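Summary of structural features
So you can see what is in the structure, the chains are spelled out below.
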Amino acid sequence: MKRVLSIAVVLVALITASAATADDGAGPLGVTFTARDARVGVLVPAARAGRPAGGHFCTASVVDAPHRNLIVTAAHCLGGDGGLVFVPGYRDGRAPYGEWTVRRRFLARAWVEGRDEDSDVGFATVAPRGGGNVQDVVGGNRFVTGTATGATAVTVTGYPNARETPVSCTAKPAAYSRTQQRIACPGFSGGTSGSPWVNGDGQVVGVLGGHDQGGTSPGVSYSVVLGARAERLYREAAGDP
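Rules and cut-offs
Residues numbered from 1 in each chain as written. Predicted model: local features only at pLDDT ≥ 70, side-chain atom pairs only at ≥ 80, totals over all residues. Heavy atoms only, no water. Pairing = 2+ DSSP bridges. Helix = DSSP H or I, 4+ residues; strand = E, 2+ residues; numbered from the N terminus. Phe/Tyr/Trp six-rings, centres within 6.5 Å; stacked < 30°, edge-to-face > 60°. Buried < 20%, exposed > 50% of the residue type's maximum accessible area, 1.4 Å probe, protein only. Lys NZ or Arg CZ within 6 Å of the ring centre and 35° of its normal. Polar contact = N/O pair within 3.5 Å; in protein donor to acceptor, adjacent residues only side chain to side chain. Salt bridge = Lys/Arg side-chain N within 4 Å of Asp/Glu carboxyl O. Arc of directions from axis to C-beta. Contact = heavy atoms within 4.5 Å.

Moving on to the sheet that holds strand E13 (residues 174-175). Read from one edge of the open sheet, 3 strands run E13-E14-E17, paired in antiparallel fashion. Either end of the sheet is taken by a strand with one partner, and the two such strands are E13 and strand E17 (220-224). With 5 bridges joining them, strand E14 (residues 180-184) and E17 adopt antiparallel strand pairing. Each bridged residue has a counterpart across the sheet, and for Arg182 the counterpart in E17 is Tyr222.

As structure tokens, then:
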């Protein structure tokens, strides 16, 4: 598995790897190490708030929701009882769009009770800052279920634990099973779990995680095929004020 030891307060959990964000679905395939997308950021233990460098352990991104306060990541990134902070657009120790405290987490029952890899998608709401919500500051990609795997290329963007800047890759996903999809993108090591897979229409159609919590190699990453189960969880989370 693409796992690394989280240094979260009580989050002594093994985490995995790989990531995503928006780009032209028909664009050139390949990898870049200069990705910049304010909607994608890192998760940090609350104890490391204000000191994210060297402390981030998963990737998350802002998705469109009525209350404009919702992020999506892998379910295995939201385990444990310790507080979390989301830092969108994180780069080189800086939080250009502020640090947002995770207020409530949403996980499928199948994940909570049995760590079902087909339920490795999670949502969290974040508290407002200065009277505004995170989506007001950085925007949000649409979370879309039921799209055909590999219908278009997607861009995956995430934050390896060993780097303080994101990596990004554009490629076409392929089916791994009826409920899992995979993508060949080098460089997605521990910390990139939770990265969104974003198509050219700005839609999140995958979240790095799922099979082997994202994969056993930094060159191949996985996602749950987003279907009815993910849709129900999104609707529950999106309704939280």
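Under the defined criterion, the tally for this structure stands at 5 aromatic pairs. Summarising the aromatic geometry, the rings of Phe123 and Phe143 are spaced 5.0 Å apart at their centres and angled 80 degrees between planes, so their arrangement reads as edge-to-face. Separated by 20 residues along the polypeptide, Phe123 in strand E9 (residues 122-126) and Phe143 in strand E10 (residues 142-143) bring together distant segments of the chain. Accessibility assignment for this pair places Phe123 and Phe143 in one class, buried. Cluster of aromatic residues (ring-pair linked, three or more members): Phe123, Phe143 and Tyr234. Above the plane of the ring of Trp100 lies Arg129, whose end atom (NZ or CZ) is 5.4 Å from the centre.

The next subject is the environment of Asp136. Residue placement: Asp136 occurs in helix H2 (residues 134-138). In this structure the side chain of Asp136 is engaged in a polar contact, spanning 2.5 Å, whose partner is the side chain of Arg68.

Next up on the list: the pairing of strand E16 (residues 203-207). In terms of burial, E16 is a largely internal element, 5 of the 5 residues being buried. Here E10 runs beside E16; their pairing, made up of 2 bridges, is parallel. Its bridge partner lying in E16, Phe143 is registered against Val204. Across 3 bridges, strand E15 (residues 196-199) lies against E16 in antiparallel orientation. Counted as the bridge partner of Trp197 is Gly206 from E16. In this structure, the hairpin formed by E15 and E16 is closed by a connection of 3 residues, where Gly202 is found at a positive phi of approximately 70 degrees.

The next thing to look at is the pattern of salt bridges. Working definition: two side chains of opposite charge can pair if their charged atoms are close together. Using the criterion set out here, one finds 6 salt bridges in the structure. Salt-bridge contacts for Asp240 lead to Arg103; the nearest nitrogen and oxygen are separated by 3.6 Å. Placement of the pair is Asp240 in the segment after helix H3 (228-238) and Arg103 in strand E8 (residues 100-107), with a sequence separation of 137 residues. On the accessibility criterion, Asp240 (11% relative accessible area) is buried. For Asp116, the salt bridge is made with Arg229, and the minimal N-O distance between the two is 2.6 Å. A residue pair is termed long-range when its members are at least 10 positions apart, and Asp116 in the loop between helix H1 (109-114) and E9 and Arg229 in helix H3 qualify at 113 residues. Residue classification places Asp116 among the partly exposed positions, given a relative accessible area of 24%. Counted as one network, the salt bridges with shared partners bring together Arg103, Arg104 and Asp240.

What follows deals with H3. Inspection of H3 places Ala230, Glu231, Leu233, Tyr234, Ala237 and Ala238 among the buried residues, and these make up the whole buried set. Relative to the axis of H3, the buried residues are bounded by an arc of 165 degrees and lie together on one face. Among the exposed residues of H3, those oriented more than 90 degrees off its buried face are Ala228, Arg232 and Arg235. On its buried side, H3 packs onto strand E6 (70-73), E8, E9 and E10.

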